[in-house]
Amino acid sequence: MGSEAQLPKWASEPCIMGIDEAGRGPVLGPMVYGCLYCAQSYQKTLSSLNFADSKTLKEEKREELFENLKTDESIGWAVDIIDPRELSAKMLKKNKINLNEISHESAMGLVAKVLNMGIFLTEVYVDTVGDAEKYKEKLSGRFPAVKFVVAKKADSLYPVVTRDRALREWILDETAENMHKNFGSGYPGDPETKAWLEHHKHMVFGFPSLVRFSWGTCTPYIKELAEVLWESDKMDEDSSCGKKQMKLIRFGVTTSKRKSEEIESSGKGHCKFFQARKLERLTHF
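An unreviewed UniProt entry lists the protein under the name Ribonuclease, from Ziziphus jujuba. UniProt's Sequence similarities (unreviewed entry) comment on the protein is quoted here verbatim: "Belongs to the RNase HII family. Eukaryotic subfamily." Of the protein, the UniProt comment under Function (unreviewed entry) reads exactly: "Endonuclease that specifically degrades the RNA of RNA-DNA hybrids."

Below you can see the structure in the form of structure tokens.
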């Protein structure tokens, strides 16, 4: 999503770009990274357009500025919307990807996107995530021809407006009765958000896809949900038990269920997983 439909006339001039995010902290909805770029020669004009930190502006004012910027041919912009399911999946996978890494990849993806469009980027301002110096080194290593300035409190008009709209227009995938979108700001401390989470938890299926279920905010609710026993976990337990029995048998130690366990651990029998599916072990191919 962005304004990359047509390469602007000023694309071959030295250009600057700013990157920031919105929605890093909320337990609901997407995290959005956004960038705005323009020719260096337009920088003074840009600074006179009455922008401010998005948190100091009302939603109506942000929308107004956003509409004005979209019609300004002297600037370009792009956003990366990271779905809450993607955030949670990455943060809970076996090889976990933390939020800082997700943020870095999103920001670098925007830089790459704008460069690939043909924009002559010479300087990029980035809102810091984690250690500023290490982040700068990471960016410079990936894009050595670009000068990076990593700083706090960068303006985040584009990602905030995009996130506002994403939440406002969010279509819930789930179709259960009594579902609604009165979830407040989506931040963990918002009473309206807490009430929405309490009302929308499901004892088996957890939360709607709008929720970042990897957030600590969800932990108290998840503890109340039905316990799920996965067959793969049971297989791991059976395998571990089988190895233990083999070790005991080698040392002449047996248990009360000696006969069945010896057969099971020796590989001559079939574990329940294979028995239930009528599968047999092949010894020759």
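Colleague: Can you walk me through the overall build of the protein in this structure?
Modeller: In terms of helices and strands, the protein carries 11 helices and 5 strands. Among the 285 residues that make up the protein, the fraction classed as buried is 38%. Surface summary for the protein: the accessible area is close to 17600 Å², and the carbon and sulfur share equals 54%.

Colleague: Is there a simple way to think about the UniProt feature "binding site: a divalent metal cation" (unreviewed entry) in the protein in this case?
Modeller: UniProt's entry tags D20, E21 and D127 with the feature "binding site: a divalent metal cation" (unreviewed entry), counted in the numbering of this structure. Over a stretch of 108 residues, the named residues converge on one spot in the fold, their C-alpha atoms separated by at most 7.8 Å. Here D20 is to be found in strand 1 (residues 15–22). With respect to the helices, strands and loops of the structure, E21 is situated in strand 1.

Colleague: Is there a simple way to explain the pattern of salt bridges in this structure?
Modeller: Any two side chains of opposite charge can pair, on the condition that their charged atoms come close. For the structure on display, the rule yields 5 salt bridges. K147 serves as the salt-bridge partner of E123, at 3.9 Å between the closest nitrogen and oxygen. Separated by 24 residues along the polypeptide, E123 in strand 4 (residues 121–127) and K147 in strand 5 (residues 147–151) bring together distant segments of the chain. Its salt-bridge partner being E198, residue K201 comes within 3.0 Å of it at the nearest N-O pair. Accessibility expressed as a relative area gives 39% for E198, which makes it partly exposed.

Colleague: Just checking my understanding: could you explain the pairing of strand 1 for this structure?
Modeller: The two faces of the sheet receive side chains in turn, since in a regular strand these alternate between them. Burial analysis of strand 1 places 7 of its 8 residues in the buried class, which makes it a mostly covered element. Pairing geometry for strand 1 and strand 4, over 5 bridges, is parallel. From the neighbouring strand, M17 faces strand 4, where its bridge partner is V124.

Colleague: Explain the packing of aromatic side chains here, please?
Modeller: Two aromatic rings are characterised by how far apart their centres lie and by the angle between their planes. Tallied over the entire structure, the rule returns 4 aromatic pairs. Look at F183 and W196: their rings are 5.7 Å apart centre to centre, the planes differ by 85 degrees, and that puts the pair in the edge-to-face class. Here F183, found in the loop between helix 6 (157–168) and helix 7 (191–200), pairs with W196, found in helix 7; they are 13 residues apart in sequence, far enough to count as distant. Grouping residues by exposure puts F183 and W196 together as buried. Consider the rings of F207 and Y221, whose centres lie 5.9 Å apart with planes at 85 degrees: the pair is edge-to-face. Taken as a pair, F207 in the loop between helix 7 and helix 8 (219–222) and Y221 in helix 8 lie far apart in primary sequence, 14 residues in all. For Y221, a relative accessible area of 12% translates into the label buried. The ring of W215 has R212 lying over it, and the distance from NZ or CZ to the ring centre is 4.9 Å.

Colleague: Help me understand the sheet that holds strand 5, please; the structure alone is not making it clear to me.
Modeller: Sheet strands pair by backbone hydrogen bonding; their relative direction is either parallel or antiparallel. Spatially, the 5 strands line up as an open sheet ordered 3-2-1-4-5, and their pairing is mixed. Every interior strand has two partners, whereas the edge strands, strand 3 (75–82) and strand 5, have only one. Strand-to-strand, the axes of this sheet are offset by a mean angle of 15 degrees, without reference to chain direction. Here strand 1 pairs with strand 2 (residues 31–39) via 8 bridges, running antiparallel. Each residue of the ladder has a partner; that of D20, found in strand 2, is G34.

Colleague: What should I look at first to understand the side chain of S209 in this one?
Modeller: Examined against the element boundaries, S209 turns out to sit in the loop between helix 7 and helix 8. One polar contact links S209 to D173, side chain to side chain, over a distance of 3.2 Å. Once residues within four sequence positions are removed from consideration, S209 is found in contact with P84, R85, W170, D173 and E174.

Colleague: It is not clear to me how the nonpolar core should be interpreted in this structure. Could you clarify?
Modeller: What tends to happen in soluble globular proteins is that the nonpolar side chains get buried as a cluster. Among the nonpolar cores identified, the biggest contains 46 residues, and M17 and I19 are the most heavily contacted of them. Breaking this core down by element, the ones donating at least two residues are strand 1, strand 2, strand 3, helix 4 (99–117), strand 4, helix 5 (132–142), strand 5 and helix 7. Considering each element in turn, this core owes the most residues, 8 residues, to helix 4.

Colleague: Sorry if this is basic, but what is going on with the pairing of strand 4 here?
Modeller: Counting buried positions over the 7 residues of strand 4 gives 5, a clear majority of the element. Sheet topology note: the strand 4/strand 5 ladder contains 5 bridges and is parallel. Bridge pairing in strand 5 places E123 opposite K147. Since strand 4 and strand 5 lie parallel, the crossover through helix 5 that links them has a hand, and here it is right-handed.

Conventions adopted
Residues numbered from 1 in each chain as written. Predicted model: local features only at pLDDT ≥ 70, side-chain atom pairs only at ≥ 80, totals over all residues. Heavy atoms only, no water. UniProt positions renumbered as here; feature names shortened; annotations may be inferred. Helix = DSSP H or I, 4+ residues; strand = E, 2+ residues; numbered from the N terminus. Buried < 20%, exposed > 50% of the residue type's maximum accessible area, 1.4 Å probe, protein only. Areas by Shrake-Rupley, 256 points an atom, 1.4 Å probe, with all protein chains shown as cover. Salt bridge = Lys/Arg side-chain N within 4 Å of Asp/Glu carboxyl O. Pairing = 2+ DSSP bridges. Phe/Tyr/Trp six-rings, centres within 6.5 Å; stacked < 30°, edge-to-face > 60°. Lys NZ or Arg CZ within 6 Å of the ring centre and 35° of its normal. Axes fitted to C-alpha atoms, helices over the stretch in contact; angles between N-to-C directions. Polar contact = N/O pair within 3.5 Å; in protein donor to acceptor, adjacent residues only side chain to side chain. Contact = heavy atoms within 4.5 Å. Core = buried A, V, L, I, M, F, W, Y, C linked by side-chain atoms within 4.5 Å. Right-handed = clockwise from strand over helix to strand, strands pointing away.

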